[in-house]
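Descriptive analysis of the structure
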Protein chains: 2
Amino acid sequence: MSNLVHRKVGVNEPVEEKSKVSKNPLTDVGSEEEMEPLPSVPSGESIPQDKASVDVLDQVIKDLNPRWRNWVIRGVFSLIMLLSFSSIVYLGPVSITLLILTIQVKCFHEIITIGYVVYKSHHLPWFRTISWLFLITSNYYLYGESLIEKFSILTLKDNFLAPLVTYHRLISFTLYIAGFVAFVLTLKKTYYLKQFTLFGYTHLSLLLIVTQSNLMIQNVFEGLIWFLLPVSLIICNDIMAYMFGFFFGKTRLIKLSPKKTWEGFIGGAFSTIIFGFILSTYLCNFKSMICPTEYDSVTKNLIYDNCEPSSVFKTREYTLPRFIQLIFPNVKIFMQPIQIHALVLAIFASTIGPFGGFFASGFKRAFKIKDFGDTIPGHGGFMDRFDCQVIMATFVNVYIYTFIRSPSPNKLFNQLLSFKHEDQVEFLRLVKNHFGDF
Amino acid sequence: MSNLVHRKVGVNEPVEEKSKVSKNPLTDVGSEEEMEPLPSVPSGESIPQDKASVDVLDQVIKDLNPRWRNWVIRGVFSLIMLLSFSSIVYLGPVSITLLILTIQVKCFHEIITIGYVVYKSHHLPWFRTISWLFLITSNYYLYGESLIEKFSILTLKDNFLAPLVTYHRLISFTLYIAGFVAFVLTLKKTYYLKQFTLFGYTHLSLLLIVTQSNLMIQNVFEGLIWFLLPVSLIICNDIMAYMFGFFFGKTRLIKLSPKKTWEGFIGGAFSTIIFGFILSTYLCNFKSMICPTEYDSVTKNLIYDNCEPSSVFKTREYTLPRFIQLIFPNVKIFMQPIQIHALVLAIFASTIGPFGGFFASGFKRAFKIKDFGDTIPGHGGFMDRFDCQVIMATFVNVYIYTFIRSPSPNKLFNQLLSFKHEDQVEFLRLVKNHFGDF
């Protein structure tokens, strides 16, 4: 959705509130130091990262006017992102997990850097170290929890990873407490408020980024479609809302983002719903998209392209509402449930999803920054591109949990196998009492 | 641990850093408004809450000097708290749960009020409403998760609560998103930074208070001893560290809390370890202390005082280290494992536990407040009394999960019963293949 904010074009325009608040008020905290300029992305021609490629591009398009030049840069890098993304998805769930982890680390780095600059914590050398410790801890904790639940059978094997699994929560807690104690011990008299603010800032970043990216990876393991479909819906809504806004936009949608219009919002929603219907219909033809990732103890491999498709992906007959039946008595509707689920996801992506973008816009305005970073030429930072994905991933996770995922006999059986012998016996006694000699 | 900070006595002393930072720097944010005085607890004689009882007490002890008068008030209210606490514990797990919930709400209220005053959010009328919505949401979510796990068999019954259980995560998410959208929609231009800071502040309070109190309640359901023992250890360490510090204290422990001494720290630790040993030995004689709370589907009641005691509470022989065996060849050691666990908990309570107090001290200094509230005469607010309990409860929860809780055949069986018929059949097939006709 943040696509709608025509950032680079606005570079030469004054920031709306600039005249009113000339100085960042928060940086007055501990006013011993002089205010340093906040990070701001320079205009198109001098983006520092990935300089070589931008330079080549710049040579080719140097005669275009700046507005179009920025469009070309943005377009070229959109294409690069799309191609890399497709290849990674093609490689399967493990590479997608690594991609999500990489993006998560980049996003955390961007947010922490903003905190570091805005709160001017140069005199607090431990802040960054402790922040990264918390990042590692929360990742270890969350990924441990979901991987242990998903692949509990792996823990039965007696390998060098076993203690990391058995004592998983204790190790996480110990790491966290180490960071917590380090924080308390590094508290310095003049910086109390700043340090507590940054402590909160770090924790909130973790809450926002680590937990959400973890939910996204859980979705991946439920079947790639639960990752690819929502991600594509958000991208589609971003692009189409931008297009509709660009060509037909007249009525302002929300004060927070002056470039966003009702026309873009509605056009985006319609396009996303249609796109969701088409994409879901197409994707559910591939087993590699609809099968959950499972661990095969025989081949000792992760399998994600071989399963009996769940009923969600099978065509079934739907009953029409009675009044339509009266008009068209012989019409029968055959659909796959996933098409209806896609509809719900598309509606969420185009109505609630944009609030992730509004939130990010508000955040950037609050901290007086233009972009979260300058990693992707023409796009800003990673957070600028993934602001709405975060909220979407959580919704999909909750949605799968509520409507899709059925209890797995396999998982329960794995749990049983991990029991001690006497507990297994007790369980089997209960089963026998209830089910008889099945 | 915060007992060690002799708060009321210090009321007439100048706050240490007062001369250096005369104005709260954070309140300069959005400097259109004038700084208002921060909440500060008036000295002993004019505590607003519970005024009647304090007045009566004041009449009786009015001739004492202020320092002793404060001691008496503090002592009397410590006794009142201890008696109420004992009666509530006597009533069983449900009343303890209600107590924890009440304290949680009080703590949240205290912290939010501080945020409200410090960040001067009077012009943001929705802030408090949204904060309470988030509190309700996170409670509903977390308690739902743990109660559903614990008493999943209840969900089988077709009662009016069923949809709250079935759609539990979806309802939580919807409530949260409602708060999130409300937050974005109530963003006001001049207050962006203040609003985002408060958003973070609220979320951090929730993370700190709601999740931890939830862990504490989980501990209660594992057996009352897992609640009563750690809580008592922290109280014992508080009191004994205060006593030792008061009589023998010379060497300052940490800059953050000038009244805390190494003598108090070490004396507290020793006392807590001995106390933990005695208390655990005593408590494990009662079934109502050591039995997990279970739902009995026949009597339709919660049962917490009838079970086959786990091996943790049964006396067993321990082998002495070899070199001691050489000296005393005929000595045999008989102990209950819980006594060793109590030792670990006591060491944690007296070494890491106090950091909860240091953290709270630092927080109060950062925000230039004396106490979190004035609810308990002589003690300050609820948060002042429970700062170390929070960190302890988390440790106990992790400890139980890692070393105590064994997989429950009953729980697994309940899961099996909640399956659909075909999933049950598939599960039984797996069992038969693996275990044969047991």
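Residues numbered from 1 in each chain as written. Chains lettered and ligands numbered in written order. Predicted model: local features only at pLDDT ≥ 70, side-chain atom pairs only at ≥ 80, totals over all residues. Heavy atoms only, no water.

1. Some remarks on the overall build of chain A
For clarity, the threshold we go by: Under the DSSP-based scheme used, a helix requires at least four consecutive residues in state H or I and a strand at least two consecutive residues in state E, with every element numbered from the N terminus. The buried label goes to any residue with under 20% of its type's maximum accessible area, the exposed label to any with over 50%, and the partly exposed label to all in between, with areas taken from a 1.4 Å probe on protein chains only. Contacts are assigned to residue pairs that have any heavy atoms within 4.5 Å of one another.
Check the secondary structure of chain A and you find 16 helices and 6 strands. Going through the 438 residues of chain A one by one, you find that 51% of them count as buried. For chain A, the proportion of contacts with a sequence separation of at least 24, taken over those separated by at least 6, is 72%.

2. Focus: the pattern of salt bridges
Residue and element names in this part refer to chain A. The following threshold applies: What counts as a salt bridge is simple: a side-chain nitrogen of Lys or Arg found within 4 Å of a carboxyl oxygen of Asp or Glu.
In total, this model carries 6 salt bridges over all chains according to the counting rule given. The partner of Glu-145 in a salt bridge is Arg-169, with the nearest N and O atoms 2.9 Å apart. Here Glu-145 is found in helix 4 (residues 126–150), whereas its partner Arg-169 is found in helix 6 (residues 168–185), with 24 residues between them in sequence. Classification of Arg-169 as buried rests on a relative accessible area of 19%. Of the charged contacts, one joins Glu-426 and Arg-429 as a salt bridge, the two residues approaching to 3.2 Å between their closest N and O atoms. Separated by 3 residues within a single helix, Glu-426 and Arg-429 lie in helix 16 (residues 421–435), roughly one turn from each other.

3. A few points about the UniProt feature "transmembrane region" (unreviewed entry) in chain A
Residues and elements named next belong to chain A. Put simply, the rule is: UniProt positions are given in the numbering used here, feature names are shortened, and annotations may be inferred rather than shown by experiment.
Per the UniProt record, "transmembrane region" (unreviewed entry) is found at residues 71–90, 96–119, 126–144, 164–186, 198–217, 223–249, 261–283 and 338–360. Measuring from the first to the last C-alpha atom of residues 164–186 gives 29 Å, for a span that is 91% helix and 0% strand. Taken end to end, residues 198–217 is 100% helix and 0% strand, and its first and last C-alpha atoms sit 28 Å apart.

4. Details of the relation of the copies chain B and chain A
Stated precisely, the cut-off is as follows: Here the copies are superposed with least squares, the fitted atoms being C-alpha atoms of residues at a pLDDT of at least 70 in both.
The transform that puts chain B on chain A rotates by 180° and translates by 0.0 Å along the axis, for an RMSD of 0.1 Å. Such a combination of turn and shift is consistent with a two-fold rotation axis. Looking at chain B, 99% of its interface residues are interface residues in chain A too, so the copies touch through the same face.

5. Regarding the interface of chain B and chain A
Worth spelling out the cut-off: Distance and chemistry together define a polar contact, namely a pair of N or O atoms within 3.5 Å, with one atom able to donate a hydrogen and the other to accept it when in protein, and with adjacent residues in sequence counting only for side-chain atoms on both sides. Side-chain classes follow a simple rule in which Ala, Val, Leu, Ile, Met, Phe, Trp, Tyr, Cys and Pro form the nonpolar group, Asp, Glu, Lys and Arg form the charged group, and the remainder, Gly included, forms the polar group.
On the chain A side, the residues contacting the 73 residues of chain B number 72 residues. In this assembly, chain B and chain A are joined by 0 salt bridges. Counting the contacts that link chain B with chain A gives 0 residue pairs in polar contact (both at pLDDT 80 or more). Residue assignment for the side of chain B that touches chain A shows that the elements contributing at least two residues are helix 6 (168–185), helix 7 (192–221), helix 13 (353–366), helix 14 (382–404), helix 15 (409–417) and helix 16 (421–435) of chain B. Residue contributions to the side of chain B that touches chain A peak at 10 residues, all from helix 16 of chain B. Across the side of chain B that touches chain A, the residue classes tally to 47 nonpolar, 15 polar and 11 charged.

6. Details of a nonpolar patch on the surface
Residue and element names in this part refer to chain A. Our working rule: Note on patches: the residues involved have over 30% relative accessible area and no salt bridge, like charges join within 9 Å, and the nonpolar side chains Val, Leu, Ile, Met, Phe, Trp and Tyr join within 5 Å. For every accessible area listed, the method is Shrake-Rupley and the probe measures 1.4 Å; residues are considered covered only by the protein chains on display.
Where nonpolar side chains cluster on the molecular surface, the patch consists of Ile-235, Ile-239, Met-243, Phe-246, Phe-247 and Phe-248 and spans about 570 Å² of accessible area. With respect to the secondary-structure elements, Phe-246 resides in helix 8 (residues 225–248). On the basis of relative accessibility, which here comes to 36%, the residue Phe-246 falls in the partly exposed class.

7. Brief notes about the packing of aromatic side chains
The description of an aromatic ring pair uses the distance of the two centres, along with the angle that the planes make with each other. Going by this rule: Only Phe, Tyr and Trp rings are paired, with Trp represented by its six-membered ring, and only when their centres lie within 6.5 Å; those with planes under 30 degrees apart are stacked, over 60 edge-to-face, the remainder tilted. To sit over a ring, a charge needs its Lys NZ or Arg CZ within 6 Å of the ring centre and within 35 degrees of the ring normal.
Applying the stated rule across the entire model yields 56 aromatic pairs over all chains. Plain terms: the ring middles of Phe-180 of chain A and Phe-199 of chain A are 6.5 Å apart, the flat faces sit at 65° to each other, and that makes the pair edge-to-face. With Phe-180 of chain A in helix 6 and Phe-199 of chain A in helix 7 (residues 192–221), this residue pair connects regions lying 19 residues apart in the sequence. Taken together through their ring pairs, the aromatic side chains of Phe-134, Tyr-176, Phe-180, Phe-183, Phe-196 and Phe-199 of chain A together with Tyr-201, Phe-359, Phe-363 and Phe-367 of chain B make up a single cluster. A cation over an aromatic ring shows up here: Arg-316 of chain A above the ring of Tyr-318 of chain A, its NZ or CZ 4.3 Å from the ring centre.

8. Quick word on the pairing of strand 2 (residues 257–261) of chain A
All names here are of chain A. In plain terms, the rule: At least two DSSP bridges between two strands are needed for those strands to be called paired.
Where strand 1 (residues 252–254) lies against strand 2, 2 bridges are found, and the strand directions are antiparallel. Paired with Arg-252 across the bridge in strand 2 is Thr-261. Linkage of strand 1 to strand 2, two consecutive antiparallel strands, is achieved through a turn of 2 residues.

9. Details of helix 15 of chain B
Turning to helix 15 of chain B, its buried residues are Pro-409, Leu-412, Phe-413, Asn-414 and Leu-416 of chain B. At its buried positions, helix 15 of chain B is contacted by helix 15 (409–417) and helix 16 of chain A together with helix 16 of chain B.

10. Regarding the environment of Ile-130 of chain B
Residues and elements named next belong to chain B. Inspection of the secondary structure assignment puts Ile-130 in helix 4 (residues 126–150). For the pair Ile-130 and Ile-96, spaced 34 residues apart in sequence, the C-alpha separation works out to 28 Å. Beyond its immediate chain neighbours, meaning those up to four positions away, Ile-130 contacts Gly-179, Ala-182, Phe-183 and Thr-186.

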